[in-house]
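Each chain, written out:
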Amino acid sequence: CEAELRLLITSDVRAVPMVAGHLMDAGGKRLRPALTALGARAVGLKGDCTQLMCVGELIHLGSLLHDDVVDTAATRRGRAAAHEVYGNPVAVLTGDFCLARAVLLAAEVGGLVAVTELGRAVPEMAEGEVLQLQRAGDLSCERGAYFEVVERKSGALIGWCAAAGAWACGDAGAASALQRFGRAVGIAFQITDDVLDYRAGTGKRVGADLRERKVTLPLLHAMRRLGDLRAVLSDHAPSDEEVRELVVRIEASGALEAALQEAREIVDGGIAELAQLPASDARRGLEIMGAYLVERAS
């Protein structure tokens, strides 16, 4: 899959593979290809599914190139963000290239239903990102608003990745179960990401969401446990010293563990959907991956 991704971002316009390759070289979990491979094998899809595995990752790469411009992010995965090196216009247009390449590939190797479903998932992702931007710093947001964002921005594409192989082989029932599993995994994955924002050793700056006063599930739990927290954050954006103090208080309140427990329960619900598939090593792999994504440390 990694080798195939390199081929898929090639272009005779030299800047395109340079920009896309810059982001790819920064690494990543390649969660989406792995879910596609396991989902495909779990429904008995035979043959090489490498290109199908690349579809979700190309969408992800394109969305990251766009997100870093929108967020004016200086770094991505420990190195300078692509737009910092090559400029905003080229980064955005290379993101467009990745998205369009993914749609064509989905049609070629996944078929009509797979590409139609991808056409539904990508707008959901965009809607989730827009909602998140509109609600940035709005401490009045509650659980429903949070889950509306994460289901769209994280759940939609991961749901597609898990179900892609079933759509490719025409198994609509299995595709529905795998899509529900993938959406659950995507939501739980985002919750865990939000928890890890409060913890050291992840390779990211601790408390970045707190500095931005981004309302995530851990913060919602913390504001219920710490009666003064909402007022403190409403008054002003916290300084670095205040962030360090607040992170300690939030951890001690049990808010992070409460959010992780919700993520575990969501994954358990997703795993229950897999009972509709025949027992196999691939199905077991999906179950293990779902659990791992909540318990991971980075």
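Here is a short report on the structure shown in this document. These numbers were taken from a predicted model, which means no experiment stands behind them.

1. Quick word on the pattern of salt bridges
In total, this model carries 23 salt bridges according to the counting rule given. Its salt-bridge partner being Arg30, residue Glu57 comes within 3.1 Å of it at the nearest N-O pair. In this pair, Glu57 is assigned in helix 4 (residues 50-70) and Arg30 in the loop between helix 2 (15-25) and helix 3 (31-42), connecting sequence segments 27 residues apart.

2. Some points on unusual backbone geometry
Non-glycine residue Arg30 carries a positive phi angle of around 55°. Non-glycine residue Arg77 carries a positive phi angle of around 55°. Looking at the secondary structure, you find Arg77 in the loop between strand 1 (75-76) and strand 2 (79-80). Since its relative accessible area comes to 32%, Arg77 is described here as partly exposed.

3. Some details on helix 4
With 21 residues, helix 4 extends 31 Å from end C-alpha to end C-alpha; this agrees with the ideal 30 Å at 1.5 Å per step. Across the 21 residues that make up helix 4, a large majority, 18, are buried. In the stretch just after helix 4, Thr72 is the one whose phi turns positive, near 50°.

4. Here we look at the packing of helix 4 against helix 7 (residues 112-134)
Relative orientation of the contacting elements helix 4 and helix 7 amounts to 25°, with a least axis distance of 12 Å. Comparing their axes, helix 7 and helix 4 come out roughly parallel. Considering only the axes of helix 4 and helix 7, their crossing is right-handed. Contact with helix 4, carried on its side by Val55, Ile59, Ser63, Asp67 and Val70, involves Leu118, Val122, Met125, Glu129 and Leu133 of helix 7 and no other residues of that element. Each residue belonging to the contact of helix 4 with helix 7 can be placed in one class, and the counts come to 7 nonpolar, 1 polar and 2 charged.

5. Re helix 13 (residues 240-253)
Taking 1.5 Å per residue, 14 residues should reach 20 Å; helix 13 reaches 20 Å between its end C-alpha atoms and fits that length. Of the positions making up helix 13, those classed as buried are Val243, Leu246, Val247, Ile250 and Ser253. Along the axis of helix 13, the buried positions cluster into a sector of 125°, meaning they face one direction only. Facing away from the buried surface of helix 13 by more than 90 degrees, the exposed residues are Arg244, Val248 and Ala252. The inward-facing, buried residues of helix 13 abut helix 10 (208-211), helix 11 (217-225), helix 12 (229-235) and helix 14 (255-273).

6. Let's talk about the packing of aromatic side chains
Within the structure shown, the criterion is met by 1 aromatic pair. Ring geometry for Tyr146 and Phe147: centres 5.3 Å apart, planes at 80°, overall edge-to-face.

Calculation rules
- Residues numbered from 1 in each chain as written.
- Predicted model: local features only at pLDDT ≥ 70, side-chain atom pairs only at ≥ 80, totals over all residues.
- Heavy atoms only, no water.
- Salt bridge = Lys/Arg side-chain N within 4 Å of Asp/Glu carboxyl O.
- Helix = DSSP H or I, 4+ residues; strand = E, 2+ residues; numbered from the N terminus.
- Buried < 20%, exposed > 50% of the residue type's maximum accessible area, 1.4 Å probe, protein only.
- Expected span 1.5 Å × (residues − 1).
- Axes fitted to C-alpha atoms, helices over the stretch in contact; angles between N-to-C directions.
- Parallel < 35°, antiparallel > 145°, perpendicular 65-115°, else oblique.
- Left-handed = near helix turned anticlockwise from the far one by under 90°.
- Contact = heavy atoms within 4.5 Å.
- Nonpolar A, V, L, I, M, F, W, Y, C, P; charged D, E, K, R; others polar.
- Arc of directions from axis to C-beta.
- Phe/Tyr/Trp six-rings, centres within 6.5 Å; stacked < 30°, edge-to-face > 60°.

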